[in-house]
Amino acid sequence: MNLFVTGGAGFIGSSFIRHVLSLGQDHRIVNFDKLTYAGNLANLESVAADPNYRFVKGDICDSAAVTAAMQGCDAVVHFAAESHVDRSIYEPGPVIETNITGTFILLQVARKLDLQRFVHISTDEVYGDLAPGQVSDENFHLRPNSPYSASKASADLLVRSFHRTYGFPAIITRSSNNYGPYQFPEKLLPLLISNALEDKHLPVYGDGRQERNWIHVEDNSRGILAVLERGRLGEIYNIGGADVIENLDMVRRLLALLHKPESLIRYVTDRPGHDRRYALDSAKLIRELGWSPRISLADGLLQTVNWYRDNSAWVAAVRDGAYRTYYDKYYENRDSSLRHFNPSGVKAPA
Ligand code: NAD
Ligand code: DAU
């Protein structure tokens with residue numbers, strides 16, 4: 001297949017591209033990416049010279065650019081998004097534009113060009129907050145609670161409507177929290193690891209008892225490829241890891257791996273609207289496509305910690321740019337000394 005991959009310079013998109021090209025199959029890839037603060041071509045250095053890979057800089061909200069770049073492609077794998085929940089709280093505009101309007105434009109162009117498959121990459125956050133012990137399968141209600149998750153749920157519904165109304169060949173994947181190499185250090189794991197390596201404080205939101213369902217990014221990439229190649233059109237597939245743990249538990253595991261003291265932990269103002277628990281039921285993907293996660297949390301965390309330790313130049317480079325401004329504005333001041341600092345102006349729940 002000729003694949004049109006959006007957002008391939010980001011964390012998961014670049015893992016997917018490296019995975020597909022490493023298999024040496026017949027897939028050719030056009031990576032269409034705007035290169036926002038989160039897009040980084042250094043993530044794709046190992047495949048940049050591969051004859052089956054081509055990069056096109058462009059915005060998914062630009063219909064003409066998408067139409068030109070998508071010519072000759074058979075399938076879309078749509079990763080491009082504003083992906084950070086905190087940023088979506090502080091500044092929702094770009095999130096709505098890229099995640100909803102951008103997805104709509106891709107659907108329109110792909111339909112016009114008669115593409116054979118469209119895999120839309122979504123998230124477990126669309127299901128919203130789960131009760132203790134509860135898990136969400138693909139039929140669970142949609143109750144997104146942040147501008148980010150609402151934008152992803154909106155995009156999911158557009159994709160659904162295109163399938164139902166026009167018979168458009170779309171599939172949705174919803175994965176849980178990804179971790180692994182090349183993740184931008186605004187997200188929990190790379191932020192904690194890179195801070196701890198520098199003996200800086202580790203910001204834990206609220207009481208730190210929120211639960212997240214962790215999956216190694218390479219397991220997600222394998223799941224997405226299985227869905228692209230063999231998934232049923234019109235279906236949704238959850239892609240969740242085996243482990244659901246509290247954030248504090250994750251923080252402690254990382255500190256132990258890094259041989260750093262728990263005194264680095266700082267409890268800071270909670271994220272407004274913060275969901276307490278996500279946990280996916282991925283039985284459908286396991287049953288239908290024979291997928292299962294291969295990387296245990298213990299092995300994956302060790303590999304990830306070592307990767308960040310060995311790639312301090314990559315971290316320094318991404319931290320130099322737009323992220324630095326963001327970090328100074330929202331994190332440096334968010335430490336325990338300013339527990340009630342609330343840059344979004346959103347009233348935090350009592
Ligand atoms: P990321 O922020 O690392 O990368 C996003 C990429 O999209 C970047 O390369 C960026 O330059 C590009 N992009 C942003 N706006 C664009 C636009 N308008 N036009 C073209 N390109 C644009 O994100 P990620 O963590 O790799 O997430 C990828 C996808 O997976 C997203 O759709 C996200 O919602 C979803 N997802 C992520 C996770 C996770 O844990 N990271 C979990 C579930 C689902
Ligand atoms: O669940 C899937 C989602 O996972 C994806 O759809 C999103 O794109 C991705 O960013 C991620 O969202 P989260 O909000 O769960 O990820 P984040 O790394 O921002 O936070 C993970 C948890 O850690 C969450 O409960 C908030 C908490 N946290 C986060 C940061 C950055 C902290 O306690 N301290 C922090 O500094």
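Preceding this section is the structure that the text describes.
Our subject in this report is the structure included herewith. (Residues numbered from 1 in each chain as written. Chains lettered and ligands numbered in written order. Predicted model: local features only at pLDDT ≥ 70, side-chain atom pairs only at ≥ 80, totals over all residues. Heavy atoms only, no water.)

### Here's the deal with the sheet that holds strand β11 (residues 243–246)
Here is step 1: Strand order in the open sheet formed by 3 strands is β7-β9-β11, and the pairing between neighbours is mixed. At either margin of the open sheet sits one strand with a lone partner, and together these are β7 (177–179) and β11. Across the sheet, the mean angle separating the axes of adjacent strands is 45 degrees when strand polarity is ignored.
Here is step 2: As paired elements, strand β9 (residues 211–216) and β11 share 4 bridges and run antiparallel to each other. Considered in β11, the bridge of Trp214 is made with Asp243.
Here is step 3: Where helix α8 (residues 247–258) meets the sheet, it contacts β9 and β11, and its direction lies at approximately 90 degrees from that of β11. (Pairing = 2+ DSSP bridges. Helix = DSSP H or I, 4+ residues; strand = E, 2+ residues; numbered from the N terminus. Axes fitted to C-alpha atoms, helices over the stretch in contact; angles between N-to-C directions. Contact = heavy atoms within 4.5 Å.)

### Here's the deal with the packing of helix α1 (residues 11–22) against helix α7 (residues 217–230)
Here is step 1: One way to put it is that α1 packs onto α7 with a least axis distance of 9 Å and a crossing angle of 65 degrees. Here α7 runs roughly perpendicular to α1, going by the angle between their axes. As α1 packs across α7, the resulting crossing turns out to be right-handed. Within the contact between the two elements, α1 uses Phe11, Ile12, Ser15, Phe16, His19 and Val20 and α7 uses Val217, Glu218, Asn220, Ser221, Arg222, Ile224, Leu225 and Leu228. (Parallel < 35°, antiparallel > 145°, perpendicular 65-115°, else oblique. Left-handed = near helix turned anticlockwise from the far one by under 90°.)

### Section: the nonpolar core
Here is step 1: Phe16 and Val77 are the most contacted members of the largest nonpolar core, which totals 31 residues.
Here is step 2: Among the elements of the structure, β1 (2–6), α1, β4 (75–78), β5 (117–123), α7, β10 (236–239) and α9 (283–289) are those that each provide at least two residues to this core.
Here is step 3: Each residue touching Phe16, except ones within four places of it in the same chain, is listed here: Leu3, Val5, Val77, Phe79, Ser221, Ile224, Leu225 and Leu228.
Here is step 4: Residues Tyr182, Trp214, Leu255 and Leu301 belong to the second largest nonpolar core, which totals 28 residues. (Core = buried A, V, L, I, M, F, W, Y, C linked by side-chain atoms within 4.5 Å. Buried < 20%, exposed > 50% of the residue type's maximum accessible area, 1.4 Å probe, protein only.)

### Digging into the site of ligand 2
Here is step 1: In the vicinity of ligand 2 lie 22 residues, with Ser83, Thr123, Asp124, Tyr148 and Arg271 positioned nearest.
Here is step 2: Backbone polar atom of Pro203 to a nitrogen atom of ligand 2: 2.8 Å apart, as the coordinates give it.
Here is step 3: Interatomic distance of 2.7 Å between a side-chain N/O atom of His274 and an oxygen atom of ligand 2.
Here is step 4: A total of 690 Å² of accessible area belongs to ligand 2 in isolation, and the protein chains cover 94% of it.
Here is step 5: Looking at the shell around ligand 2, the elements with two or more residues in it are α6 (188–197) and β8 (202–205).
Here is step 6: In terms of residue class, the shell around ligand 2 is made up of 9 nonpolar, 7 polar and 6 charged. (Near = heavy atom within 4 Å. Polar contact = N/O pair within 3.5 Å; in protein donor to acceptor, adjacent residues only side chain to side chain. Areas by Shrake-Rupley, 256 points an atom, 1.4 Å probe, with all protein chains shown as cover. Nonpolar A, V, L, I, M, F, W, Y, C, P; charged D, E, K, R; others polar.)

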